[in-house]
Amino acid sequence: MVTLFLCFLSCFSYFLLSPKWVLTQSSPVFACDVEKNPTLGQFGFFADLVKRLTLEETIGFLVNSAASVSRLGIPKYEWWSEALHGVSYVGPGTHFNSIVPGATSFPQVILTAASFNASLFEAIGKVVSTEARAMYNVGLAGLTFWSPNVNIFRDPRWGRGQETPGEDPLLNDDGSPDRLKVAACCKHYTAYDLDNWKGVDHFHFNAVVTKQDMDDTFQPPFKSCVIDGNAASVMCSYKQVNGKPACADPDLLSGIVRGQWKLNGYIVLDCDSVDVFYNSQHYTTTPEEAAAKAILAGLDLNCGSFLGQHTEAAVKGGLVDESAVDEAVSNNFATLMRLGFFDGNPSKAIYGKLGPKYVCTSEHQELAWEAARQGIVLPKNSKGSLPLSPTAIKTLAVIGPNANVTKTMIGNYEGTPCKYTTPLQGLTALVATTYLPVCSNVACGTAQIDEAKKIAAAADATVLLVGIDQSIEAEGCDRVNIQLPGQQPLLITEVAKASKGNVILVVMSGGGFDISFAKNDDKITSILWVGYPGEAGGAAIADVIFGFYNPSGRLPMTWFPQSYVDKVPMTNMNMRPDPASGYPGWTYRFYTGETIYTFGDGLSYTQFNHHLVQAPKSVSIPIEEGHSCRSLKCKSVDAVQESCQNLAFDIHLRVNNAGNISGSHTVFLFSSPPSVHNSPQKHLLGFEKIFVTAKAEALVRFKVDVCKDLSIVDELGTRSLKQSLNVRI
């Protein structure tokens, strides 16, 4: 879901568009600080700077822990900082201490994506960038952040799916190519969604991807990130793609990222990837050859030390010219220059006054709360179940291993949060509760089921908080199955049988589950999916359960049955089904089999109705004189610039809130291509989030770019427009 990251990149860059400097742990050290060292004024700009470096000094700028060159006024710089859903302590560039003990921890990306609210994405980007700048100003963070993760959440077993915006490859863009986007980094390029599954790890995996799947599924998020989001960096991944390491493939890096997409920034590898393709994949026979291949492919920066250790020997051995090394460092320096790195003391710049008081403000913490509320999804709600009444409920049973968790709520690539509100704390703030964790952890090897049944039988309603955490899904840890672990299913079923009142099942996770047993159990009256809801997750869960917030989240990924993953290996990268072999394909775009819940599912406490107001019945595509389609009956026309210029139309839709509760609603616009070239059965063109008061209505407008939005990719990777294309709401 690219829109989330383009909004984030746009705001992130805007708020960091000011001079930067490099800091030590003790005090800020400014690059090119002429005020403190007037002799530095003799040096020219960036081009002059690169020429003044020795080969050894130049190589020092190929690694994330970049070396200093004191004679030129350049201090050390740490490139690696993270800010996936708040400033993170992952990576050596960022630290928390008594000056800034924590930063606002927003919901994990997959839950924010479920809000389908572009303005929310933008607001989060502003907050994270402000807090990052404030921490940088006191020496606690860098300014090049290796986020976001724009990979497709293809398989629910993938441990890192939680970091992504879901399974749809391309939504509307919201970037501005005319202004600098901060040194955010779109990763992991490309076709990456396997970490460690049944003995297959990403260090050794060769992803075999068709040209069609590459161009219409795996590449679009990165293309939008670079072209529309104007991102300053792309990170290549460990694995091989069609037999070549992604970080040693000149077609993928120099050819596409820098050549076709015109990246204005640097290409960095996932940590130690050159070492991986030399030592683990045995792609080259010597480390010097590996260093040369990476640089010649278009790599600019090494997370790790491999290029620092072996590039000089590669140059002296004639494997790579020194000019190629200069070009890589020039790309890195150009990024720092765009950020104002070489401008000296920035205290007088527009954001130079940001400091600790701008981190964890009350407004920022309230936004984290609001983001969690907007993302929570209600897949099931029996009549009369939710919302609960805080006055009618005298006792509430709160049961399960995720009922009183803290760190679980912030997922991975996390930072130290401002504070936590656990689900138990959020619920107890509203009604009297009786709490039992039942299991010592989410693995739930043993469970106090009899005790849980007694509590549920005595309470007016029961909330079961189950799911998983980073011990089961994480970087380097893919799931083998998609069932709730251990005795959780038995706990849920038995407590539901014993419960006196409504039973609300709350699932905390990144990926989906086969919870068909709960979906089909009438005793389980409601189901909520809450992702990893961030520091304020407990308060948000309580707000939704007790009706202080009308849920509006929609699932950004399909929930499959266990039978599906039993027969489909993670290593099969084919998106499209194969009827001959019985292979069912991936994601809502191609998969036609049984689902537990599908992309876009999610209920509200009110009823929304749609009425089409405006849409064209047909669209004419201009073709030049002499085109073969002027004399022959054509089924398609290539989506080329000559045919596509200014070719667009509007769709207007009236949304009516027929219920008695005000609430937000997401309108999805899909296209349904004709069944040619194994095209998707449907594809998301755009979405709009609107708030409609009870018994009122609102107008939603979409603008459809015909060639961008309605073209399909054929088997050779060519985009074309087909006849009989349907657009669906």
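Residues numbered from 1 in each chain as written. Predicted model: local features only at pLDDT ≥ 70, side-chain atom pairs only at ≥ 80, totals over all residues. Heavy atoms only, no water.

Peer 1: Can you lay out the side chain of N550 for me, pointing to particular residues and giving the numbers?
Peer 2: Counting through the fold element by element, N550 comes out in the loop between α18 (537–545) and α19 (562–567). Look at N550 and you get buried, because its relative accessible area is 8%. In terms of polar contacts, N550 uses its side chain to reach the backbone amide nitrogen of Y605, at 2.8 Å. There is a polar contact of 3.1 Å between the side chain of N550 and the backbone oxygen of S662. Setting aside residues up to four positions removed in sequence, N550 forms contacts with S604, Y605, T606, I661, S662 and G663. (Helix = DSSP H or I, 4+ residues; strand = E, 2+ residues; numbered from the N terminus. Buried < 20%, exposed > 50% of the residue type's maximum accessible area, 1.4 Å probe, protein only. Polar contact = N/O pair within 3.5 Å; in protein donor to acceptor, adjacent residues only side chain to side chain. Contact = heavy atoms within 4.5 Å.)

Peer 1: Lay out the state of the cysteines with the relevant residues and their values.
Peer 2: Think of a disulfide as a covalent bridge from one cysteine sulfur atom to another cysteine sulfur atom. Inspection of every chain in the model, using the stated rule, returns five disulfides. Disulfide partner of C186: C225, at an S-S distance of 1.8 Å. When the S-S torsion is -60°, as for the bridge of C186 with C225, the disulfide is left-handed. Highlighted residues: C186 in strand β6 (residues 183–189) and C225 in helix α7 (residues 220–227), separated in sequence by 39 residues. C225 carries the same exposure label as C186, and that label is buried. Through a disulfide, C271 is tied to C303; the S-S separation comes to 1.9 Å. Across the S-S bond linking C271 and C303, the dihedral sits near 70°, which makes this disulfide right-handed. In this pair, C271 sits in the loop between β13 (266–269) and α9 (273–280) while C303 sits in the loop between β14 (301–302) and α11 (306–316), placing the two residues 32 residues apart along the sequence. For the pair shown, C271 and C303 are each scored as buried. (Disulfide = S-S within 2.5 Å.)

Without other data, these values stay purely geometric and don't point to any function.
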